[in-house]
Amino acid sequence: MIELINIRKSFGEKVILQDVSAKMEAGKTNLIIGASGSGKTVLMKCMVGLIKPDSGQILYNGKDFTAMDDMEKKPIRQEIGMLFQGSALFDSMTVEENVMFPLDMFARGNYKEKRKRMQECLDRVNLKDANKKYPAEISGGMKKRVGIARAIVLNPKYLFVDEPNSGLDPQTSLVIDKLIKDLTAEYNITTVVNTHDMNTVMESGDHIMYMHQGLKQWEGSNKDIIFAKDKKLNDFIFASEFFQDIKEMRQSEYFQDNKWRGGKQEGGNKTNS
Amino acid sequence: MEFKFFYHFGRFILMIKGMFSRPENMRMYWKEFMHQCTDIGVGSLGIVFIISLFLGAVTTVQTAYQLVAGFIPKSTIAQIVRDTLILELAPTMVCIVLGGVVGSKIASELGNMRISEQIDAQEIMGINTKAYLIGPKILAALITIPCLVVIAAFLGIWGGLQAGMLSGIISSEEYMKGLRAAFDGYNVFVMLSKAFTYSFIISSIPAYYGYNVTGGALEIGRASTKAVVVSCILILFTDYLLAAMLL
Ligand SMILES: Nc1ncnc2c1ncn2[C@@H]1O[C@H](COP(=O)(O)OP(=O)(O)O)[C@@H](O)[C@H]1O
Ligand SMILES: [Mg+2]
């Protein structure tokens, strides 16, 4: 579990994060959603320690990560896997060397075992016939998969994913989302995903945090996000054409009166007819 | 171009200090070190070969042109060629050229890794990227570049002989005689001191600029230009310092 307590961050005069607190639970896909520039990436980088917050604490299973020095951070960092927005693959290495790299650096065991683990991870993300290719030679979706394989190769307890769907077609996006969701449940990982993709939100938002201009505006799950009352959140989620139907449905008398919550069969029949 | 000397100097020192930590995995560091030795050392052999031959040749021809007085023996030409090459041309000229070749390579490699977040990715894995990415480069430079300078001195002297014979300025016997006359081993010490100092400059300054790139791809080019300019100026500056101190 990761706990954020009153995280603040400014770059110069510009306030990016103002007092963000949250809990990211294990075995769940925790989503941070919000418009571009709302501070999602900065928040994630604070969590993994790439950016130092001005104030506030980040607790990994109760241990204060922000108060540690580089040496103390190392053991926690080895339990963190991260997929960057641009995949951040090492472009001087082939796909399999990329996935081997964390193993070579940190894992015990002989070459054969490491290769087996590497192949396992590449199979897990369903990447075939790309072992010997360089990052420049594969597509965006494949890069993300390699990135995921590299992030999970050391069996992380924490997985951070920054915009897994940016630059991907909807179909590939779904595959990547499902992969992240499955991995999270399979290995009981605390997963944090930054996204502004509503498909992802509906598909895998066990716990959703909506960021607006550096503030946590709303928190909940994909079950209640559609009916959330927050004005800004509504503007954000219904901006997508995909959700116009739902918006119209919501605006119908039936939902306005809030009959759908308490009201039983009567209301249901009305809209159906 | 802003000139924030103390700011950069302080950050540079911090970077060097940050390099010293226990390697996460000695084998990987060794592999990276060998890789850098090949890249920096073997990769620069060709250019060193060419420039040192021509430096020797030109020095011979021009020294002969300047020594017009008849009473000076021809072998003096070889002596002068030998000493200028060892004292100045082999270390300084070669390192200035290498500063361009190796420096821009180091700066753009690290700059690219920074911009595409590859450095961040390693940092998150728990790797001290200063130690892993910069350390082996500086160490490889400190070992291979002085070797290149020694090779350059030999090749330059040989090139001088070839040029001398080709243009009929000096015979090979006279040249050899000159080479053996009044040889001072201390000059070799000066050459190596220069070579080591320059190697450090050539590798660490571009590493500093590359590692700290911020912004976009355009900044990578700017950082490597800046790195090469600053290392060249520093080489010439320390050249003067070392000459004043050691000679
Ligand atoms: N290193 C930085 N220096 C200055 N400003 C930054 C830096 N990183 C991000 N910002 C600013 O912080 C804001 C939030 O950025 P970001 O977290 O990347 O947004 P997003 O929610 O799209 O991921 C942006 O306005 C951006 O300009
Ligand atoms: Mg972002």
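Described in the following lines is the structure provided in the data block. (Residues numbered from 1 in each chain as written. Chains lettered and ligands numbered in written order. Predicted model: local features only at pLDDT ≥ 70, side-chain atom pairs only at ≥ 80, totals over all residues. Heavy atoms only, no water.)

### Description of the overall build of chain B
- Scanning chain B from N- to C-terminus turns up nine helices and zero strands.
- Taken from N to C terminus, the helices and strands of chain B fall in the order α-α-α-α-α-α-α-α-α.
- In terms of overall dimensions, chain B has a C-alpha envelope of 70 × 40 × 30 Å along the principal axes.
- In chain B, which comprises 247 residues, the proportion classed as buried is 50%.
- Within chain B, contacts between residues separated by at least 24 positions form 85% of all contacts whose residues are at least 6 apart in sequence.
- Surface exposure of chain B reaches about 11900 Å², of which carbon and sulfur atoms provide 72%. (Helix = DSSP H or I, 4+ residues; strand = E, 2+ residues; numbered from the N terminus. Buried < 20%, exposed > 50% of the residue type's maximum accessible area, 1.4 Å probe, protein only. Contact = heavy atoms within 4.5 Å. Areas by Shrake-Rupley, 256 points an atom, 1.4 Å probe, with all protein chains shown as cover.)

### Focus: the overall build of chain A
- Of the regular secondary structure elements, chain A holds twelve helices and ten strands.
- For chain A, buried positions account for 49% of its 273 residues.
- At a minimum sequence separation of 6, the contacts of chain A that also span at least 24 residues come to 62%.

### Focus: the environment of A:S36
- By secondary structure assignment, the location of A:S36 is in the loop between β3 (29-33) and α1 (40-48).
- Separated by 159 residues in the primary sequence, A:S36 and A:T195 have C-alpha atoms spaced 9.3 Å apart.

### Focus on the interface of chain B and chain A
- Contacts between chain B and chain A engage 19 residues on the former and 21 residues on the latter.
- Summing both partners gives a buried area of about 1900 Å² for chain B against chain A, and 62% of it is carried by carbon and sulfur.
- Sorting the residues of chain B by area buried against chain A places B:E117, B:I124 and B:M125 first, and these three jointly supply 36% of that buried surface.
- Linking chain B with chain A are three salt bridges, by the criterion used here.
- Taking the shortest distance from any N to any O, the salt bridge between A:K74 and B:E24 comes out at 2.7 Å.
- Taken together, the links from chain B to chain A amount to seven residue pairs in polar contact (both at pLDDT 80 or more).
- Put simply, the parts of the chain that give the side of chain B that touches chain A at least two residues each are α2 (26-41) and α5 (118-125) of chain B.
- Of all the elements, α5(B) adds the most residues to the side of chain B that touches chain A, at seven residues.
- For the side of chain B that touches chain A, the class distribution of residues is seven nonpolar, seven polar and five charged. (Buried area = accessible area lost by both parts, 1.4 Å probe. Salt bridge = Lys/Arg side-chain N within 4 Å of Asp/Glu carboxyl O. Polar contact = N/O pair within 3.5 Å; in protein donor to acceptor, adjacent residues only side chain to side chain. Nonpolar A, V, L, I, M, F, W, Y, C, P; charged D, E, K, R; others polar.)

### Quick notes on the sheet that holds strand β2 (residues 14-24) of chain A
All names here are of chain A.
- Reading across from one edge, β2-β1-β4-β5 is the order of the four strands in this open sheet, with antiparallel pairing throughout. Taken across any chain shown, the strands that pair with only one partner, and hence form the sheet edges, are β2 and β5 (63-64).
- Across five bridges, strand β1 (residues 2-11) lies against strand β4 (residues 55-60) in antiparallel orientation. Residue pairing in the sheet places I2 in a bridge with Y60 of β4.
- Along the sheet, α1 makes contact with β1, β2 and β4, crossing β2 at roughly 60°. (Pairing = 2+ DSSP bridges. Axes fitted to C-alpha atoms, helices over the stretch in contact; angles between N-to-C directions.)

### A few points about the sheet that holds strand β6 (residues 80-83) of chain A
Residues and elements named next belong to chain A.
- A sheet is described by the order of its strands in space; here six strands give the open sequence β6-β7-β8-β3-β9-β10, paired in mixed fashion. Across the chains shown, the open sheet's two edge strands, defined by having one partner strand only, are β6 and β10 (215-220). Ignoring which end each strand starts from, the neighbouring axes of this sheet average 15° apart.
- Sheet topology note: the strand β7 (residues 158-162)/strand β8 (residues 190-195) ladder contains five bridges and is parallel.

### Comments concerning the environment of B:P206
Residues and elements named next belong to chain B.
- Considering the arrangement of structural elements, one finds P206 in helix α8 (residues 185-211).
- Distance in space between the C-alpha atoms of P206 and E109 is 9.8 Å, their sequence separation being 97 residues.
- Other than its neighbours up to four places away in sequence, P206 contacts G103, I106, A107, I201, A227 and S231.

### Quick look at the packing of aromatic side chains
- A complete count under the given rule lists 13 aromatic pairs over all chains for this structure.
- Relative to A:Y158, the ring of A:Y60 lies with its centre 4.8 Å away and its plane at 90°, an arrangement referred to as edge-to-face. Taken together, the residues A:Y60 in strand β4 and A:Y158 in strand β7 connect sequence positions 98 residues apart. Of the two residues examined, A:Y60 and A:Y158, each falls in the buried class.
- Ring centres of B:F12 and B:Y208 lie 6.0 Å apart, and the angle between their planes is 75°; on these two criteria the pair is classed as edge-to-face. Remark: B:Y208 occurs in helix α8 and B:F12 occurs in helix α1 (residues 5-18); sequence separation between them is 196 residues. Exposure class is identical for B:F12 and B:Y208. Each is buried.
- Chaining the aromatic ring pairs together yields one cluster made of A:F90, A:F101, B:Y29 and B:Y132.
- A cation over an aromatic ring shows up here: B:K4 above the ring of B:Y7, its NZ or CZ 4.9 Å from the ring centre.
- Over the ring of B:Y211 we find B:R114; its NZ or CZ atom is 4.7 Å from the centre of that ring. (Phe/Tyr/Trp six-rings, centres within 6.5 Å; stacked < 30°, edge-to-face > 60°. Lys NZ or Arg CZ within 6 Å of the ring centre and 35° of its normal.)

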